[in-house]
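As a plain string of letters, each chain reads:
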Amino acid sequence: LRERMSFISQLATRFPGMAPAANAVLKPSKSLEAAGQDIMVQRFAYWYRYLTTYGDTIAKAKTQFPVVKDKIMAPAELTYRELAVGSVCGLQIYGAYVVGEMLGRKSIIGYNQGKKAHH
């Protein structure tokens, strides 16, 4: 426990933005049960706001779609910055796909064929 506390103190020293959180851990003002209850309230608030503002997000996406469509229809007018941003986004999407495939296969290379029968 002593090592953990010193680690938290070191963390607060190295990263001043973490000091309030570190102080709250070192000197808790609430019981663990009360802290858990606060977390549940915050989770509920997060999901409530997320779901109730989803319509606004869709409305904003509908206003941006014509801009993206125009860019795709006139590729010669793209700037190098737009090409770079599009390439990075494409690589991120491809990377997420590859990681999903590896997780789905439960293997980095190929699919698990099971034990091969000897003939």
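Treat the numbers as computed from the prediction; the structure is a model and nothing was measured.

1. Here's the deal with the pattern of salt bridges
Move 1: Taken as a whole and assessed by the stated rule, the structure comprises 3 salt bridges.
Move 2: Lysine 71 is paired through a salt bridge with glutamate 82; the nearest N and O atoms lie 2.8 Å apart. Highlighted residues: lysine 71 in helix H4 (residues 54-73) and glutamate 82 in helix H5 (residues 80-105), separated in sequence by 11 residues.
Move 3: Residue classification places lysine 71 among the partly exposed positions, given a relative accessible area of 34%.

2. Observations regarding the packing of aromatic side chains
Move 1: For the coordinates displayed, the defined rule picks out 6 aromatic pairs.
Move 2: Ring geometry for tyrosine 46 against tyrosine 50: centres 6.1 Å apart, planes inclined by 20°, an arrangement best described as stacked. One end of the pair is tyrosine 46 and the other is tyrosine 50, both in helix H3 (residues 32-52) and 4 residues apart, which spans about a single turn.
Move 3: One aromatic cluster in this structure is built from Tyr46, Trp47, Tyr50 and Tyr54.

3. A few points about H5
One full turn of an α-helix is made of 3.6 residues, so residues set three or four places apart face in the same direction.
Move 1: With 26 residues, H5 ought to run about 38 Å at 1.5 Å a step, and its terminal C-alpha atoms sit 37 Å apart, in line with that.
Move 2: Lysine 106 sits one or two positions beyond H5 and adopts a positive phi of about 60°.

4. Considering the confidence of the model for the protein chain
Move 1: Confidence in the prediction for the protein chain averages 88 pLDDT; 88% of positions are at 70 or higher.
Move 2: Mean pLDDT in the protein chain bottoms out at helix H1 (residues 2-14), which sits at 77, and peaks at H3, which reaches 95.

5. Some remarks on a nonpolar patch on the surface
Move 1: Among the surface-exposed residues, Tyr46, Trp47, Tyr50, Leu51, Tyr54 and Ile58 lie close enough to one another that they form a single nonpolar patch of about 660 Å² accessible area.
Move 2: Per-element tally for the nonpolar patch: the top contributor is H3, with 4 residues.
Move 3: Its location among the elements puts tryptophan 47 in helix H3.
Move 4: Using a relative accessible area of 47% as the deciding quantity, one classes tryptophan 47 as partly exposed.

Each value, and the rule that gives it
Residues numbered from 1 in each chain as written. Predicted model: local features only at pLDDT ≥ 70, side-chain atom pairs only at ≥ 80, totals over all residues. Heavy atoms only, no water. Salt bridge = Lys/Arg side-chain N within 4 Å of Asp/Glu carboxyl O. Helix = DSSP H or I, 4+ residues; strand = E, 2+ residues; numbered from the N terminus. Buried < 20%, exposed > 50% of the residue type's maximum accessible area, 1.4 Å probe, protein only. Phe/Tyr/Trp six-rings, centres within 6.5 Å; stacked < 30°, edge-to-face > 60°. Expected span 1.5 Å × (residues − 1). pLDDT = per-residue confidence, 0-100. Patch = residues over 30% accessible without salt bridge, like charges linked within 9 Å, V, L, I, M, F, W, Y side chains within 5 Å. Areas by Shrake-Rupley, 256 points an atom, 1.4 Å probe, with all protein chains shown as cover.

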